[in-house]
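Structural overview
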Amino acid sequence: MSAVPYRRVLVKVSGEALMGPDAFGLHPPTVTRIAADLADARALGVELAVVVGGGNIFRGVQGAAKGLDRATADQLGMLATVMNALALEAAIEAAGTPARTMSAVAMPTVCEPYSRQKALSHLAKGRVVLLAGGTGNPFFTTDTGGALRAAELGCGALLKATNVDGVYSSDPKADPAAVRYERLTHSEAIDRQLGVMDAAAFALARESRMPIIVFSIQEPGAVTAVLRGEGRATLVTA
Ligand code: UDP
């Protein structure tokens, strides 16, 4: 029997989390640590889907600010998420847990194209499924991709891994008066314009009544702690 109250969850890992102390790209020891954490979470008996961001390599908004057409810049961003997913897949497999990358942007010689049925089949076989390419469309983020995939794969919760231990009223690194929330509703998060996820992601989660657990991935074992209900986190519910 699973030690956690969920049969299936989706973890959203930002590209920045994979950067570790570096200013750009992948920091191999950090990738290995997060992969081990995800493999340990899978070992608790929960089916695990992971949406990976790309901000450590390329963000569409930044590319557009430098003169690239926004849709093209976003395509570069989506490709960056595939790089991250492949690195994480390799590290999860190295930790002894089977994993598969599926991309919303088809590149069949590199990884499987995303299909809901195939993803569910991988999950049922105990594989960690890494979902790359976000939604597959420009003008979206991987947070929205995470909310979308969590809903369509019937996940019990969306675990949003960040660099801080929950949702704050403002950026706690910039504002010493920032207040940390224990619990929030999706509507409160949208109305208060809390920047932890974009409004489209919160709106999608609200529509599907998907609980979101916001936690820090900086500490080893953070994912397993949150799944057991032991970690420090903010719970966003309907
Ligand atoms: N992106 C996109 N459509 C999506 C998801 C992502 O166009 O559905 C692009 C977008 O340019 C974004 C980049 O991929 O800036 C990287 O994703 P994101 O910023 O969400 O990564 P994270 O902040 O999680 O590292």
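Just so it is clear, the structure is predicted and the values come from calculations on it, not from any experiment.

Scanning the model with the defined rule gives 13 salt bridges in all. We note a salt bridge from D143 to K12, for which the minimum N-O separation is 2.7 Å. A residue pair is termed long-range when its members are at least 10 positions apart, and D143 in helix α5 (residues 142-152) and K12 in strand β1 (residues 8-13) qualify at 131 residues. Judged on exposure class, the residue D143 and its partner K12 are both buried. Several salt bridges converge on common partners, so that one network encompasses D165, R180, E182 and R232.

All right, on to the UniProt feature "binding site: ATP" (unreviewed entry) in the protein then. As annotated in UniProt, the feature "binding site: ATP" (unreviewed entry) corresponds to K12, V13, S14, G15, G55, R59, T162, N163, Y168 and D171 in the numbering used here. With a sequence span of 160 residues, these residues are also far apart in the fold, their greatest C-alpha distance being 23.7 Å. Its location among the elements puts V13 in strand β1. Within the secondary structure, R59 sits in the loop between β2 (47-52) and α2 (60-65). For R59, a relative accessible area of 36% puts it in the partly exposed group.

As a further point, take the packing of helix α1 (residues 28-43) against helix α3 (residues 70-94). It is the contact of α1 with α3, at a shortest axis distance of 8 Å, that shows an interaxial angle of 60 degrees. Relative to α3, the element α1 lies oblique. Pair α1 / α3 crosses with right-handed handedness. Residues V31, T32, I34, A35 and L38 of α1 form the contact with α3, whose own contacting residues are A87, L88, A91 and I92. Considered class by class, the residues forming the contact of α1 with α3 number eight nonpolar, one polar and no charged.

Here the focus is the sheet that holds strand β3 (residues 99-103). If you trace the nine strands from one edge of the open sheet to the other, you get β4-β3-β5-β2-β1-β6-β10-β11-β9, paired in mixed fashion. The open sheet has two free edges, formed respectively by β4 (112-113) and β9 (183-185), since each of these has just one partner strand. Sheet topology places β3 next to strand β5 (residues 128-132); five bridges connect them, and they run parallel. When the sheet's bridge partners are listed, R100 is paired in β5 with V129.

Let us look at unusual backbone geometry. One non-glycine residue, F139, lies in the positive phi region at around 70 degrees. Tracing the chain through its elements places F139 in the loop between β5 and α5. Judged by relative accessible area, which is 54%, F139 ranks as exposed. Of note, Q193 is a non-glycine position whose phi angle comes to about 55 degrees, a positive value.

Along the chain, the position of T135 falls in the loop between β5 and α5. For T135, a relative accessible area of 15% translates into the label buried. Only 3.1 Å separates the side chain of T135 from the backbone nitrogen of N137, close enough to count as a polar contact. Not counting residues up to four positions away in its chain, the partners in contact with T135 are A104, F140, T141, T144, G145, L148 and R149.

Before going further, it helps to spend a moment on the site of the ligand. Taken together, 21 residues surround the ligand, and among them R59, D74, T135, N137 and T142 come closest. K12 is positioned with one of its side-chain polar atoms (N or O) 2.7 Å from an oxygen atom of the ligand. Burial of the ligand by the surrounding chains reaches 93%, relative to a free accessible area of 520 Å². Sorting elements by how many residues they give to the shell around the ligand places α3 first, with three residues. Here the shell around the ligand is built from residues that sort into four nonpolar, 13 polar and four charged.

Cut-offs and rules
- Residues numbered from 1 in each chain as written.
- Predicted model: local features only at pLDDT ≥ 70, side-chain atom pairs only at ≥ 80, totals over all residues.
- Heavy atoms only, no water.
- Salt bridge = Lys/Arg side-chain N within 4 Å of Asp/Glu carboxyl O.
- Helix = DSSP H or I, 4+ residues; strand = E, 2+ residues; numbered from the N terminus.
- Buried < 20%, exposed > 50% of the residue type's maximum accessible area, 1.4 Å probe, protein only.
- UniProt positions renumbered as here; feature names shortened; annotations may be inferred.
- Axes fitted to C-alpha atoms, helices over the stretch in contact; angles between N-to-C directions.
- Parallel < 35°, antiparallel > 145°, perpendicular 65-115°, else oblique.
- Left-handed = near helix turned anticlockwise from the far one by under 90°.
- Contact = heavy atoms within 4.5 Å.
- Nonpolar A, V, L, I, M, F, W, Y, C, P; charged D, E, K, R; others polar.
- Pairing = 2+ DSSP bridges.
- Polar contact = N/O pair within 3.5 Å; in protein donor to acceptor, adjacent residues only side chain to side chain.
- Near = heavy atom within 4 Å.
- Areas by Shrake-Rupley, 256 points an atom, 1.4 Å probe, with all protein chains shown as cover.

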